Amino acid sequence: SYTQLKEAQDIQMFVAPSGTHNLVYNKQTGMMAHAKMRQAVNAALNMEEIMLASFSHEDLYELEPGYMSADQISWSSDAGAEFYNQGDAEKAMQLAAEAGYNGEELTILVTRDYDYHYNAAVVIQEQLTQAGFNVNLEVYDWSTMLDRRSDPESWDMFVTSTAFVTSPSQLLVLDSNWAGWTNDPKITELMDSIRLSTTHEEAKSYWDELHQFLWEDYVPLSILGHHHRIVTARDHVQGLKTFPGAIPWNISVHK
């Protein structure tokens, strides 16, 4: 309904930053437990195609590699951006061969309860298949998918979106207990350094180093891009602001 709402005469529309759209990898078991294999899949992805299929309109997403919001200047980072949106099938298969991939089936969990999750998964499957991977989609309702992803033997990848947070320490994907089971001593070391830094400049330098490591080496997930949410209000409502969703206090109705 984006175009219809945008053209409505009595509606205000706010397109606000919402979060990241992600392909999360199983780092505990299976082929995706190999960092080279995660690098391989990431190398094959064309994020522009995936994000357009997911959100249908260029106003509703940004091609951004950041784990944090690009608007959050204190933590925004483009370190490792050269490993984002590569769309390089040849490089992908070279890395997969180094990981020992031999045509094993890779399972992507996804739900149709959120169309943008499912639409992304369909394009990802097509891109990976064209690159030479053997990929199967398993489609479930949202609650069943959550149950399935708790079992590391049941999947290799899943599509989800996560909201923006205020500091890197809050990122779900860096929590070893969250689905995907990120666990690496360098991540632990750099996160501790960020927490113990005495200045923000020092903390940001550690975060840039970690951001590079996450994209270039470890690859706990592939950020597909940043997505936005639509908030609307009738045109007689004044003072509405969004971050990243509707903030309904301090508004008033004028007749």
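Further up the page is the structure itself.
Residues numbered from 1 in each chain as written. Predicted model: local features only at pLDDT ≥ 70, side-chain atom pairs only at ≥ 80, totals over all residues. Heavy atoms only, no water.

## Details of the overall build of the chain
Here is step 1: Of regular secondary structure, the chain possesses eight helices and ten strands.
Here is step 2: Over its C-alpha atoms the chain spans a radius of gyration of 19 Å, differing by no more than 12% from the 18 Å that the globule rule assigns to 255 residues.
Here is step 3: Along the longest, intermediate and shortest principal axes, the C-alpha atoms of the chain span 70 × 45 × 35 Å.
Here is step 4: A burial count over the chain gives 47% of its 255 residues as buried.
Here is step 5: With the model as given, the accessible surface of the chain reaches about 12400 Å², and the carbon-plus-sulfur share is 46%. (Helix = DSSP H or I, 4+ residues; strand = E, 2+ residues; numbered from the N terminus. Rg over C-alpha atoms; globule rule 2.2 N^0.38 Å. Buried < 20%, exposed > 50% of the residue type's maximum accessible area, 1.4 Å probe, protein only. Areas by Shrake-Rupley, 256 points an atom, 1.4 Å probe, with all protein chains shown as cover.)

## Looking at the pairing of strand S1 (residues 11–25)
Here is step 1: As paired strands, S1 and strand S6 (residues 221–234) are joined by 13 bridges and run antiparallel to one another. Each bridged residue has a counterpart across the sheet, and for Gln12 the counterpart in S6 is Ala233.
Here is step 2: Across seven bridges, the pairing between S1 and strand S5 (residues 157–163) is antiparallel. When the bridges of S5 are listed, His21 appears paired with Ser161. (Pairing = 2+ DSSP bridges.)

## What to know about the packing of aromatic side chains
Here is step 1: A full pass over the atoms with the stated rule returns eleven aromatic pairs.
Here is step 2: Measuring from ring centre to ring centre gives 5.8 Å for Tyr84 and Trp215, while their planes differ by 80°; the resulting arrangement is edge-to-face. Of the two residues, Tyr84 is situated in the loop between strand S2 (61–62) and helix H4 (89–98) and Trp215 in helix H8 (residues 200–218); the sequence distance between them amounts to 131 residues. A single burial state applies to Tyr84 and to Trp215, both of which are buried. (Phe/Tyr/Trp six-rings, centres within 6.5 Å; stacked < 30°, edge-to-face > 60°.)

## Brief notes about the pattern of salt bridges
Here is step 1: Inspection of the entire model under this criterion finds six salt bridges.
Here is step 2: Ionic pairing is found between Asp59 and Lys6, a salt bridge with its closest N-O pair at 3.3 Å. Note that Asp59 is positioned in the loop between helix H3 (47–55) and S2 and Lys6 in helix H1 (residues 2–7), a separation of 53 residues in sequence.
Here is step 3: By relative accessible area, Asp59 is classed as partly exposed at 31%.
Here is step 4: Close ionic contact of Asp10 with Arg234 constitutes a salt bridge, the shortest N to O distance being 3.5 Å. Of this pair, Asp10 sits in the loop between H1 and S1 while Arg234 is found in strand S6, placing the two residues 224 residues apart along the sequence.
Here is step 5: Under the relative-accessibility criterion, Arg234 is labelled partly exposed at 43%. (Salt bridge = Lys/Arg side-chain N within 4 Å of Asp/Glu carboxyl O.)

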